[in-house]
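# Chains, contacts and geometry: an overview
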Amino acid sequence: MKITSAVATVLALAASASAAFSSCGSASDDFAFGSVSYNPNPPKVNQQLCITLKGTLKNQVTTGASLHLTATFWGMNVYDSTIDLCSSLVGGANPCPIPTSTTQVTQCITVPSNVPAGVSLNIKAEASQGSGQRIFCISGPITFSS
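Before going into details, it helps to say that this report is about the structure given with it. No experiment lies behind these values; they were computed from the predicted model shown. (Residues numbered from 1 in each chain as written. Predicted model: local features only at pLDDT ≥ 70, side-chain atom pairs only at ≥ 80, totals over all residues. Heavy atoms only, no water.)

### A short note on the packing of aromatic side chains
Evaluated as defined, the whole model comprises two aromatic pairs. Between Phe-31 and Phe-136, the ring centres sit 6.1 Å apart and the planes meet at 65°, which makes this aromatic pair edge-to-face. Of this pair, Phe-31 sits in strand E2 (residues 31–39) while Phe-136 sits in strand E8 (residues 134–143); the two residues are 105 residues apart in sequence, bridging distant segments of the chain. This pair shows no difference in class: Phe-31 is buried, exactly as Phe-136 is. (Phe/Tyr/Trp six-rings, centres within 6.5 Å; stacked < 30°, edge-to-face > 60°. Helix = DSSP H or I, 4+ residues; strand = E, 2+ residues; numbered from the N terminus. Buried < 20%, exposed > 50% of the residue type's maximum accessible area, 1.4 Å probe, protein only.)

### Things to note about the sheet that holds E2
Spatially, E2-E3-E6 is the arrangement adopted by the three strands of the open sheet, whose pairing is antiparallel. The open sheet has two edge strands with one neighbour each: E2 and strand E6 (104–110). Strand-to-strand twist of the sheet, defined as the mean angle between neighbouring strand axes without regard to direction, takes the value 20°. Both strand E3 (residues 48–57) and E6 contribute to a ladder of seven bridges, which runs antiparallel. Note on E6: the bridge partner recorded for Lys-54 is Gln-104. (Pairing = 2+ DSSP bridges. Axes fitted to C-alpha atoms, helices over the stretch in contact; angles between N-to-C directions.)

### As for the pattern of salt bridges
Per the stated rule, a full pass over the model turns up two salt bridges. Between Arg-134 and Asp-29 there is a salt bridge; the shortest N-O distance is 2.8 Å. Note that Arg-134 is positioned in strand E8 and Asp-29 in the loop between strand E1 (22–23) and E2, a separation of 105 residues in sequence. With a relative accessible area of 3%, Asp-29 lands in the buried category. The salt bridge partner of Glu-126 is Arg-134, with a shortest N-O separation of 3.2 Å. Among the residues examined, Arg-134 registers a relative accessible area of 22% and is labelled partly exposed. (Salt bridge = Lys/Arg side-chain N within 4 Å of Asp/Glu carboxyl O.)

### Brief notes about the nonpolar core
Ranked by size, the top nonpolar core spans 30 residues in total, and within it Val-61, Ile-135 and Phe-136 carry the most contacts. Elements with a minimum of two residues in this core: E2, E3, strand E4 (66–73), helix H1 (85–88), strand E7 (120–128) and E8. Non-local contacts of Val-61, meaning those with residues more than four positions away in its chain, are made with Leu-85, Cys-96, Pro-97, Ile-98, Gln-129 and Ile-135. (Core = buried A, V, L, I, M, F, W, Y, C linked by side-chain atoms within 4.5 Å. Contact = heavy atoms within 4.5 Å.)

### Section: unusual backbone geometry
The backbone phi angle of Asn-46 is positive, close to 70°, even though this residue is not glycine. Take Asn-46: it is sitting in the loop between E2 and E3. Residues other than glycine seldom take positive phi values, yet Trp-74 does so here, at roughly 50°. Its place among the elements puts Trp-74 in the loop between E4 and strand E5 (76–84). Classification of Trp-74 as exposed rests on a relative accessible area of 78%.

### Some details on the environment of Gln-60
Note on placement: Gln-60 falls in the loop between E3 and E4. The class for Gln-60 is partly exposed, based on a relative accessible area of 39%. Considered as a pair, Gln-60 and Thr-102 are 42 residues apart in the sequence and their alpha carbons are 8.7 Å apart. Those residues in contact with Gln-60 that sit more than four places away from it in its chain are Pro-97, Ile-98, Pro-99, Thr-100 and Gln-129.

Okay, structure coming up:
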C-alpha cells in the first residue's frame, strides 16, 4: 500500500547518499526499515519531493502518532519540527490506522526555500506512536540542489 502526504519537510536523499541512510532505531521499533528512495534526483529547493520508505510494519500506526525531524550542519541544529503523523495522512490514500500489511510509505513535500543548496545536512527522522512506542528512526546525510 502507498501513503502520500505533505509531512516530511526535509527528509530526502542525495544521489550518492542512499546507502548512507541507516536505521538509528532498534529491533523493538514498529517499522523494520528496509530502504529509502526519492524523486526527483537530486532533490531541489522550492520543488516537490517524494520520499518512499520501504520495510515491514509490525504494529499498526494509530491516531496520535508523530514525526520528529531534525537537520544539523556541523553539529548546529538548522531545522527541528514535530508534526502529527496521522493528521497529515488524512489527504493520503490511507489515513490512520495504518495496517501492518503496509510495506511502503511515501511522503510528498515541497522543499522549503530556506534549505541551503549544495551543503550537506545530517537528517534524522523519528516517528512514534501516541503511546510513545517508536515506529522508526532513520538518519543520514543529504545535499539539495538549487
